[in-house]
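Tertiary structure, described
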Amino acid sequence: MKMTKNTSLYFRIVEGRNLPAKDVTGTSDPYCIVKVDNEVVARTATVWKNLNPFWGEEYTLHLPMGFHSLSFHVMDEDTIGHDDVIGKITLAKDAIGSQAKGLDSWVNLTRVDPDEEVQGEIHLCLELLKDAEKASVRCKVIEARDLAPRDISGTSDPFARFIFNNHSAETSIIKKTRFPHWDETLELDLDPEELHEDGTITVEVWDWDMVGKNDFLGKVEIPFDCLHKTPHLESCFRLQPLRNKEADASGKLGALRLKVRLIEDHILPSVYYQPLIHLLVESVVSPTEPFPQAENSSALTLLEEVTTVESRQDVAMTLVKIYLGQGLVVPFLDYLNTREVQHTTDPNTLFRSNSLASKAMEQFMKAVGMPYLHEVLKPIINRIFDEKKYIELDPCKINLNRRRISFKGAMSEEEVRDSSVEMLQDYLSSITESITGSVAQCPPVMRVTFKQLHKRVEEQFTEPENEDVKYLAISGFFFLRFFAPAILTPKLFQLREQHADTRTSRTLLLLAKALQSVGNLGLQLGQGKEQWMEPLHPIIRLSVAKVKDFLDKLIDIDHDIVSELPQRAVFTSSVTVKEGYLHKFKTEGPQLLSRFAFKKRYFWLTSETLTYAKTPDWQVRSSIPIQCVCAVERVDENAFQQQNVMQLITQNNDRQLHIIYIQCKNVNELNQWMSAIRKVSIYNECMLPSFHPGTHRSGKWTCCLQADRTVTGCSRTHSVTLGDWSDPLDPDVETQTIFKQLIQGRDKLRKKYLGVPESSQTSNAQQVISPNSHQDGAKSTVNLIKPGMSAAARLLAVIEDLERAHATFQRRENENDASVITN
């Protein structure tokens, strides 16, 4: 058994400041392109005519193979011609990882130097040859992959140069490719004294140009004494820039405010996490009553004690996933909610804090309810974005020049107000009717959870004046923490691909405020400072009865129904994970122009199939089983002279590969679809290690120029995915996250429950328990946890057992690495 590595990268592009003007109007239209190792992973929305743009866009990437650098390129969008480059920020992985809490600061943009924009790797075999008569160093240049495109065609004409001291040799030039396959051997004769010099072997890759100077594509430098230690050295080397020093612009290009956090974990085999899972399960299956005290606390209450404000949301999401995986998410939430309710004396403060119970409910609704939210809200959100109506109720913000009616001139303030009220009432009615009519669409596990919450609140607050508290508890989560935030910021809930413009954003804000009042059952109407919302009060009050009736129907469900759901799935296989129009490459018939070969089709993705048809209502549909997917990858732009094309590689029963080419409308849609397909196919056994980024046309691959259609791919496949609600459950990664949180609070638990000073290196738990051994020599406490032991002692024993297991595996890996280097 081995440890695995899990890498997650979170980044938020908050805003920019003091960007230079690139347009004749004295402004710019900035947007950001985000790259991980030169692969575009995200593009922000364009903020028009603004030198101090606000984006507020955030992403989480899962990078199983790791990465080297993260870069942000700020561009100025131009309607005609190429977009202008404003500047960039490059953050090395080591620099991000060195900050435990992550980066949160302003960072100056630097100039973009073409010699710095290198990418890809080269496969070399180096050999030092010595005999009595002569000495030489031999370099076999096998191939390179993913080189930077330097020509207008989107390719390059690469050749390699082998250099040592004053000796050099070059490979042949391979035209129009970013994936050259040379398989050439270059040899340099050395003088006897050169054998003892501390020189550097350099292999440079260049793009040959018929006119002008050649373009630099990257280099590899290897100390000559490495060949004395290892006479035969073969590896794939990452290409490095010509200069490692970026051109500092001294802040003249402006700055970005970024938040970046890197999480790297070593994941143990599943068996090592079972004791901790056992304690977490025990917390909700056999909870202590009525209130867990110091002597009978559970593992879950102890975890809550050491969870910081900053980490509470991540811990809540992780716990939701763990209990979903165990089929115990309803008793888990009931356990937290019961404690929260029993500890609350004033019903007006119920769930008002950002407690673990509140955060867990929020994350739970996102994890299981996002497809439901999309079904309910997306049509009305799309309508609001399409209509772009000017709506304003606040007299201090009404702009009379924004609304005109044909030739009648500007509207009066009263006319703007009346028109706004009418449109808001229409939108709000559509939203409330869509929500209150969605009982059947709401996931059963959500309904049962709300039923339990309703019961706990009703038991706690029995007074007649608290009759509405049981409704408010549910609507507070359902409306205030789920639907209202989605209306306010649709992009963050994947309801829209772009942020709303200023006009639409104001409409959404007013609707979110109104829906919050609906969720509060109209109890606080007229009490706030925003008295200008008063015209909406009648429709809000009319909605209250509908909301109560809806909530009554919502919780009218058999509790046992959730036991029928798959234990390891957030959503059932029948649920559509992603859908929408894409363009599929038409493989049948003659292809005259590639841009006409892509036909519009509607696609549906579930955990079982990828299906497409001419329209959503079309009866004739084609389906691809997800279990047949071998890879989903980008396609080079020069393959079809089209951007944002992906390829889906599948395998039939005869193990023959088939490729489907699909075009997306932008890079974000491309990444979202690739990520979604990679997630549902993550456990397929037929996944390929390599692929061809080009197409096979005119008897050869457009990427590596090889003729054989079945030849092994020239580029490594990728497994980068975007983190969101549809992430597959991974119990080992989830439990490792909880273990890390417990490690940080271990000293606090030792001191409070075992009386052990924080400086002590051993705990009473270690002294009480003598762990058993697994077959491979690792330790386990699960069979030695005694009922009479305190929860703190048992939990600390498990924590320290896991810590020892990590140390043991790490030591073995280090010994194996040392053995490989020695050999």
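Residues numbered from 1 in each chain as written. Predicted model: local features only at pLDDT ≥ 70, side-chain atom pairs only at ≥ 80, totals over all residues. Heavy atoms only, no water.

If you look the protein chain up in an unreviewed UniProt entry, it shows as RasGAP-activating-like protein 1 from Takifugu bimaculatus.

**Remarks on the overall build of the protein chain**
For the protein chain, the helix and strand inventory stands at 18 helices and 30 strands. Expressed as a percentage of the 823 residues in the protein chain, the buried residues total 51%. For the protein chain, long-range pairs separated by at least 24 residues make up 69% of all intrachain contacts whose partners lie at least 6 apart in sequence. A total of about 39,700 Å² of accessible surface is found on the protein chain, and carbon and sulfur atoms cover 49% of it. (Helix = DSSP H or I, 4+ residues; strand = E, 2+ residues; numbered from the N terminus. Buried < 20%, exposed > 50% of the residue type's maximum accessible area, 1.4 Å probe, protein only. Contact = heavy atoms within 4.5 Å. Areas by Shrake-Rupley, 256 points an atom, 1.4 Å probe, with all protein chains shown as cover.)

**Things to note about helix H9 (residues 444–460)**
A rise of 1.5 Å per residue sets the reference length of H9, with its 17 residues, at 24 Å; its end C-alpha atoms lie 25 Å apart and thus fit the reference within 8%. Restricting attention to buried positions, one finds in H9 the residues Val445, Met446, Arg447, Val448, Thr449, Phe450, Gln452, Leu453, His454 and Val457. Looking at the buried positions of H9, the neighbouring elements they touch are helix H6 (329–342), helix H7 (356–387), helix H10 (469–488) and helix H12 (537–554). (Expected span 1.5 Å × (residues − 1).)

**Topic: the sheet that holds strand S2 (residues 30–36)**
In spatial order, the strands read S3-S2-S5-S6; together these 4 strands make up an open sheet with antiparallel pairing. Lying at the two open borders of the sheet, with one neighbouring strand each, are strand S3 (39–43) and strand S6 (84–92). If you compare each strand with its neighbour and ignore which way they point, the axes differ by 25° on average. The pairing of strand S5 (residues 69–76) with S6 spans 8 bridges and is classified as antiparallel. When the sheet's bridge partners are listed, Ser69 is paired in S6 with Ala92. (Pairing = 2+ DSSP bridges. Axes fitted to C-alpha atoms, helices over the stretch in contact; angles between N-to-C directions.)

**A closer look at the packing of H7 against helix H8 (residues 413–436)**
Each pair of packed helices gets described by two things: the angle between the helix axes and the distance between those axes. Contact geometry for H7 and H8: axes closest at 10 Å, N-to-C directions at 165°. Taken together, H7 and H8 sit at an angle that is classed as roughly antiparallel. You can see that H7 and H8 cross each other, and the crossing is right-handed. Of the residues in H8, those in contact with Tyr372, Val376, Leu377, Ile380, Arg383, Ile384 and Glu387 of H7 are Asp426, Tyr427, Ser430, Ile431, Ser434 and Ile435. Considering only residue class, the contact of H7 with H8 consists of 8 nonpolar, 2 polar and 3 charged. (Parallel < 35°, antiparallel > 145°, perpendicular 65-115°, else oblique. Left-handed = near helix turned anticlockwise from the far one by under 90°. Nonpolar A, V, L, I, M, F, W, Y, C, P; charged D, E, K, R; others polar.)

**Details of the packing of helix H5 (residues 312–325) against helix H15 (residues 731–744)**
As a packed pair, H5 and H15 sit with axes 9 Å apart at the nearest point and diverge in direction by 140°. As the angle between them shows, H5 and H15 are arranged oblique. Every pair of crossing elements has a handedness; the one defined by H5 and H15 is left-handed. Listed contacts from H15 to Val315, Thr318, Leu319, Lys321 and Ile322 of H5 are Glu734, Thr735, Thr737, Ile738 and Gln741.

**Details of the packing of aromatic side chains**
Inspection of every chain in the model, using the stated rule, returns 23 aromatic pairs. Between Tyr323 and Phe332 the ring centres are 4.3 Å apart and the planes differ by 10°, which places this aromatic pair in the stacked class. One exposure class covers both Tyr323 and Phe332, and it is buried. Ring centres 5.5 Å apart and planes at 45° place the aromatic pair Phe478 and Phe550 in the tilted group. Of this pair, Phe478 sits in helix H10 while Phe550 sits in helix H12, placing them 72 residues apart in sequence. On the basis of relative accessibility, which here comes to 0%, the residue Phe478 falls in the buried class. Put simply, the rings of Tyr372, Phe450, Phe478, Phe479, Phe482, Phe483 and Phe550 touch in pairs and so form one group of aromatic residues. (Phe/Tyr/Trp six-rings, centres within 6.5 Å; stacked < 30°, edge-to-face > 60°.)

**Quick notes on the side chain of Thr7**
Counting through the fold element by element, Thr7 comes out in strand S1 (residues 4–17). On the basis of relative accessible area, Thr7 is assigned to the buried category, the value being 1%. Beyond its immediate stretch of four places on either side in the chain, Thr7 contacts Leu61, His62, Leu63, Gly66, Phe67, Leu262, Ile263 and Glu264.

**Concerning the sheet that holds strand S7 (residues 103–108)**
Ordered by their spatial adjacency, 5 strands build an open sheet running S7-S16-S1-S4-S28, and the pairing between neighbours is antiparallel. Among the strands making up the open sheet, the edge pair consists of S7 and strand S28 (721–722). Two elements, strand S4 (residues 54–62) and S28, share 2 bridges in a ladder whose sense is antiparallel. By the bridge assignment, Leu61 is partnered in S28 with Leu722.

**Comments concerning a negative patch on the surface**
Residues Asp189, Asp191, Glu193, Glu197, Asp198 and Asp225 make up a contiguous surface patch of negative charge. Note that Glu193 resides in the loop between strand S12 (181–190) and strand S13 (200–207). (Patch = residues over 30% accessible without salt bridge, like charges linked within 9 Å, V, L, I, M, F, W, Y side chains within 5 Å. Salt bridge = Lys/Arg side-chain N within 4 Å of Asp/Glu carboxyl O. Lys, Arg positive; Asp, Glu negative; His and termini not counted. Charge placed at Lys NZ, Arg CZ, Asp CG, Glu CD.)

**Considering the side chain of Glu39**
For Glu39, the position within the fold is in strand S3. Note on Glu39: relative accessible area 17%, which makes it buried.

**Side note on the pattern of salt bridges**
This model, assessed by the stated rule, comprises 42 salt bridges. Between Arg383 and Glu387 there is a salt bridge, with the nearest N and O atoms lying 3.2 Å from each other. You can see Arg383 and its partner Glu387 sitting in helix H7, 4 residues apart, about one turn around the helix. Measuring nitrogen to oxygen at the nearest pair gives 3.7 Å for the salt bridge that ties Glu387 to Lys389. Each member of the salt-bridge network shares a partner with another, and the members are Glu121, Glu143, Arg145 and Arg716.

**Here we look at the state of the cysteines**
Joining two cysteines, a disulfide is a covalent bond between their sulfur atoms. Per the counting criterion, the structure on display carries 0 disulfides. Sulfur of Cys686: no disulfide; nearest cysteine sulfur belongs to Cys630 and is 3.7 Å away. Not engaged in a disulfide, the cysteine Cys704 finds its nearest cysteine sulfur in Cys714; these two sulfurs lie 4.0 Å apart. (Disulfide = S-S within 2.5 Å.)

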